Amino acid sequence: MKIIRTRPDAVAAPSELVTGAVHIDELAAPTPPSRVRVGSVRFAPGARTHWHRHPLGQVLHVTEGAGLVQRRGGPVEPIGVGDTVRIEPGEWHWHGAGATTPMTHLVVQEAAADGTEAEVDEAVTDAEYAAAPAS
């Protein structure tokens with residue numbers, strides 16, 4: 001057993017992965033042979049990930065605020081506190097805050113055996129983002 005009483009400071013997500021202000025607080029990093037990573041991700045209003053997919057899927061659990069998630073080809077879906085989203089392996093998707101509301105979610109994902117955690121595609125356009133249903 002190991003109790004961690006301090007963590008590294010949250011870091012800004014790289015601009016090649018997100019649009020807007022997004023900060024990641026690493027809660028648990030894998031110690032081999034585990035490849036599971038857990039983090040808390042804070043999105044400022046309007047901030048969102050680019051389209052991306054994970055080789056072994058991803059789980060999101062909203063802890064604060066309200067946001068949006070979309071799988072490629074599907075509608076933009078609102079998410080809020082207490083909602084859990086299971087993203088299937090290889091499923092292209094994006095997620096982020098609402099237009100006027102910040103959002104924080106926990107993220108749990110496992111890297112593939114070769115260490116790959118995600119494949120990132122293009123940014124979510126303003127038109128795609130604006131397709132969210134009115135809240």
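In the block above lies the structure referred to throughout.
Keep in mind that this is a model prediction, so the values were computed, not measured.

Moving on: the pattern of salt bridges. Opposite charge on two side chains lets them pair, provided their charged atoms get close. Applying the stated criterion across every chain, the model contains eight salt bridges. One salt bridge connects glutamate 117 with arginine 37, and the closest N-O pair in it is separated by 3.1 Å. Here the residue glutamate 117 occupies a position in the loop between strand E11 (103-110) and strand E12 (119-120), and arginine 37 occupies one in strand E4 (residues 36-43), the gap between them amounting to 80 residues. Residue glutamate 117 is classed as partly exposed on the basis of its relative accessible area, which comes to 27%.

Once that is clear, we can look at the packing of aromatic side chains. This model, assessed by the stated rule, comprises one aromatic pair. Each ring, one from tryptophan 94 and one from tyrosine 129, has its centre 5.8 Å from the other, and the planes form 45°; the classification is tilted. Residue tryptophan 94 is found in strand E10 (residues 93-97), and its partner tyrosine 129 is found in helix H1 (residues 126-130); the two are separated by 35 residues along the sequence. Both residues of the pair, tryptophan 94 and tyrosine 129, count as buried. The ring of tyrosine 129 carries the charged tip of arginine 48 above its face, separated from the ring centre by 4.4 Å. Arginine 72 extends its terminal NZ or CZ atom over the ring of tryptophan 51, reaching a point 4.6 Å from the ring centre.

Turning our eyes to something else, we now look at the nonpolar core. Counting 15 residues, the largest nonpolar core has Val22, Val41, Phe43, Leu60, Ile79, Val85 and Met103 as the members making the most contacts within it. Elements with a contribution of two residues or more to this core: E4, strand E7 (58-71), strand E9 (84-87) and E11. Among the elements that line this core, the one with the most residues is E7, at three residues. If we skip the residues at most four places from it in the chain, valine 41 touches Val22, His23, Ile24, Met103, Thr104, His105 and Val107. Counting seven residues, the second largest nonpolar core, distinct from the first, contains Trp51, Trp92, Trp94 and Tyr129.

For serine 40, the position within the fold is in strand E4. When its relative accessible area of 14% is taken as the criterion, serine 40 is described as buried. Among residues more than four places away in sequence, those in contact with serine 40 are His23, Ile24, Asp25, Leu27, Thr104, His105 and Leu106.

This part is about the side chain of histidine 52. With respect to the helices, strands and loops of the structure, histidine 52 is situated in strand E6 (residues 52-53). Polar contacts involving the side chain of histidine 52 include one to the main-chain carbonyl oxygen of histidine 50, which spans 2.8 Å. A polar side-chain atom of histidine 52 sits 3.4 Å from a polar atom in the side chain of histidine 95. Those residues in contact with histidine 52 that lie beyond four places of it in its chain are Gln58, Glu91, Trp92, His93, Trp94, His95, Glu119 and Val120.

Turning our attention to the environment of arginine 53. Within the secondary structure, arginine 53 sits in strand E6. Separated by ten residues in the primary sequence, arginine 53 and phenylalanine 43 have C-alpha atoms spaced 19 Å apart. Sequence-distant contacts of arginine 53, defined by excluding residues within four places in its chain, comprise Gly90, Glu91, Trp92, His93, Glu117, Ala118 and Glu119.

Basis of the calculations
- Residues numbered from 1 in each chain as written.
- Predicted model: local features only at pLDDT ≥ 70, side-chain atom pairs only at ≥ 80, totals over all residues.
- Heavy atoms only, no water.
- Salt bridge = Lys/Arg side-chain N within 4 Å of Asp/Glu carboxyl O.
- Helix = DSSP H or I, 4+ residues; strand = E, 2+ residues; numbered from the N terminus.
- Buried < 20%, exposed > 50% of the residue type's maximum accessible area, 1.4 Å probe, protein only.
- Phe/Tyr/Trp six-rings, centres within 6.5 Å; stacked < 30°, edge-to-face > 60°.
- Lys NZ or Arg CZ within 6 Å of the ring centre and 35° of its normal.
- Core = buried A, V, L, I, M, F, W, Y, C linked by side-chain atoms within 4.5 Å.
- Contact = heavy atoms within 4.5 Å.
- Polar contact = N/O pair within 3.5 Å; in protein donor to acceptor, adjacent residues only side chain to side chain.

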